[in-house]
Amino acid sequence: MTGEIRKVLLAENVKLRRKRTTWFVPAAVAAMTLLVFLAIAYAAARDWAGVPSGFYLASSTAGWMINVTGLLAMIITCFQISGEFALGTVKPAWVKGLSRHGWLSGKVVSAAAVVAVLFLIVVAVSLVSAGARYGFTDLKEKDFVVHTSAALWKGYILCAALTLFSLWAVVTVTSMLAAYFNRPGSAMAVAMLLAVAMTVVAVFKPARPFLLTSAISLPFEQMTAMSKGLPLPLEWGELAWKTLACAGSWLAASCAVGHAIIARKEITF
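Calculation rules
- Residues numbered from 1 in each chain as written.
- Predicted model: local features only at pLDDT ≥ 70, side-chain atom pairs only at ≥ 80, totals over all residues.
- Heavy atoms only, no water.
- Phe/Tyr/Trp six-rings, centres within 6.5 Å; stacked < 30°, edge-to-face > 60°.
- Helix = DSSP H or I, 4+ residues; strand = E, 2+ residues; numbered from the N terminus.
- Buried < 20%, exposed > 50% of the residue type's maximum accessible area, 1.4 Å probe, protein only.
- Core = buried A, V, L, I, M, F, W, Y, C linked by side-chain atoms within 4.5 Å.
- Contact = heavy atoms within 4.5 Å.
- Pairing = 2+ DSSP bridges.
- Salt bridge = Lys/Arg side-chain N within 4 Å of Asp/Glu carboxyl O.
- Axes fitted to C-alpha atoms, helices over the stretch in contact; angles between N-to-C directions.
- Parallel < 35°, antiparallel > 145°, perpendicular 65-115°, else oblique.
- Left-handed = near helix turned anticlockwise from the far one by under 90°.
- Nonpolar A, V, L, I, M, F, W, Y, C, P; charged D, E, K, R; others polar.
- Patch = residues over 30% accessible without salt bridge, like charges linked within 9 Å, V, L, I, M, F, W, Y side chains within 5 Å.
- Areas by Shrake-Rupley, 256 points an atom, 1.4 Å probe, with all protein chains shown as cover.
- Expected span 1.5 Å × (residues − 1).

A. How the structure looks around the packing of aromatic side chains. This model, assessed by the stated rule, comprises 6 aromatic pairs. Relative to Trp153, the ring of Phe136 lies with its centre 4.8 Å away and its plane at 55°, an arrangement referred to as tilted. Here Phe136 is found in the loop between helix H5 (100-133) and strand E1 (139-141), whereas its partner Trp153 is found in helix H6 (residues 149-180), with 17 residues between them in sequence. Note on Trp153: relative accessible area 30%, which makes it partly exposed. Arranged with centres 5.0 Å apart and planes meeting at 85°, the rings of Tyr180 and Phe181 form a pair that is edge-to-face.

Here's what the structure looks like:
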């Protein structure tokens, strides 16, 4: 199956090089991240919200942009999988020696790689902008060091890694839906409806640890609180295992269901 995944990745790479969106979407994400940063920096400088520090601006900006990145993850995955059914190009791909499972795995890996690049753009723009504006120093309360810059960096890196893993879970959940529907629009509608439903269910506190939306948002919420010197919502070890357990469960379950769907998929066009 590794060879089949490689073939799909090579094919997707060729497609991406021919599309204008390959360059437009990353540029748009970078521009949007910069705009969000400027808005947060403006508010922090006037004491409307947050604190004027590099770590706060970087973590808060990334936290705001996670929703945009998650939405793009759903759109990209739906078009990479359901789009093949809509165009009818999946049939020759399967006829030419690709197994269904290899094809789906390659599509998921390809979408996950694109989402990772977009997320890293968000992180890079946030860090560069925040570093240029305030730098990354110890968080102090008068002469008392609340958090050292080393501790803040460790927290930021951990939060970024946990968030990226959760975004990959978004890709696999969306791929499961995209494998079922033959139109990208239908898959996107159901994926967005699922996201809205999770947001509503999050009102009930006992349900939050089981929601993928919580796994996506919680890491940078923790980092934002740390950068402001506020009490942390969770211990770092607890944050890590809860995020990995939640996102990992969604990822594993959706992968299994997605492959079961694709194995019984009937191509009638």
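B. Structural context of the side chain of His147. Within the secondary structure layout, His147 lies in strand E2 (residues 144-147). For His147, a relative accessible area of 19% corresponds to the buried category.

C. Spatial organisation of the nonpolar core. Leu57, Trp103, Phe119, Tyr156, Leu212, Phe220 and Met223 are the most contacted members of the largest nonpolar core, which has 69 residues in total. At the level of secondary structure, the elements contributing two or more residues to this core comprise helix H2 (21-45), helix H3 (54-87), H5, H6, helix H7 (184-201), helix H8 (212-227) and helix H9 (236-263). The dominant element in this core, judged by the number of residues it contributes, is H6, at 15 residues. Among residues more than four places away in sequence, those in contact with Leu212 are Ser166, Ala169, Val170, Val173, Met198, Cys246, Ala247 and Trp250.

D. Quick look at the environment of Pro219. The topology assignment puts Pro219 in helix H8. As a C-alpha pair, Pro219 and Thr163 span 56 residues in sequence and 6.5 Å in three-dimensional space. Other than its neighbours up to four places away in sequence, Pro219 contacts Cys159, Leu162, Thr163, Ser214, Leu239 and Thr243.

E. Broad picture of the pairing of E2. Examined bridge by bridge, E1 and E2 share 3 bridges and lie antiparallel to one another. Bridge pairing in E2 links Glu141 to Phe144. In this structure, the hairpin formed by E1 and E2 is closed by a connection of 2 residues, where Lys142 is found at a positive phi of approximately 60°.

F. Fine view of the pattern of salt bridges. One pass over the full model with this rule turns up 1 salt bridge. Its salt-bridge partner being Lys242, residue Glu238 comes within 2.9 Å of it at the nearest N-O pair. Remark: Lys242 and Glu238 occur in helix H9; sequence separation between them is 4 residues, near one turn of the helix. The exposure class of Lys242 is partly exposed, given its relative accessible area of 27%.

G. Summary view of the packing of H3 against H8. At a minimum axis separation of 9 Å, H3 and H8 run at an interaxial angle of 160°. On the basis of their axis angle, the class for H3 and H8 is roughly antiparallel. Helix-helix and strand crossings are classified by hand; for H3 and H8 the assignment is left-handed. Only Ile216, Phe220, Met223, Thr224 and Ser227 of H8 make contact with H3, whose side of the interface consists of Phe55, Tyr56, Ser59, Ser60, Ala62, Gly63 and Ile66. When the residues that make up the contact of H3 with H8 are grouped by side-chain class, the tally is 7 nonpolar, 5 polar and no charged.

H. Spotlight on the packing of H8 against H9. One can describe the packing of H8 onto H9 by two numbers: an axis separation of 8 Å at closest approach and a directional angle of 160°. With respect to H9, the element H8 is oriented roughly antiparallel. In the crossing of H8 with H9, the sense of the turn from one axis to the other is left-handed. Together, Leu212, Ala215, Leu218, Pro219, Gln222, Met223 and Met226 of H8 and Trp236, Leu239, Thr243, Cys246, Ala247 and Trp250 of H9 make up the contact between the two elements. Of the residues in the contact of H8 with H9, the class split is 11 nonpolar, 2 polar and no charged.

I. Quick peek at a nonpolar patch on the surface. Side chains of Leu34, Leu35 and Leu38 sit close together on the surface and give an oily, nonpolar patch of about 280 Å² of accessible area. A relative accessible area of 43% places Leu38 in the partly exposed class.

J. Quick look at the environment of Arg208. Checked against the element boundaries, Arg208 lands in the loop between H7 and H8. Look at Arg208 and you get partly exposed, because its relative accessible area is 38%. On a C-alpha basis, the gap between Arg208 and Met198 in space is 8.6 Å, while along the polypeptide they are 10 residues apart. Residue contacts for Arg208: discarding those within four places in its chain leaves Ala202, Val203 and Ser214.

K. Fine view of H5. Helix length check: H5 (34 residues) gives 50 Å between terminal C-alpha atoms against 50 Å at 1.5 Å per residue, within 8%. Phi turns positive, to about 80°, at Gly135, one or two residues after H5.

Bear in mind that shape data such as this cannot, by itself, settle questions of function.
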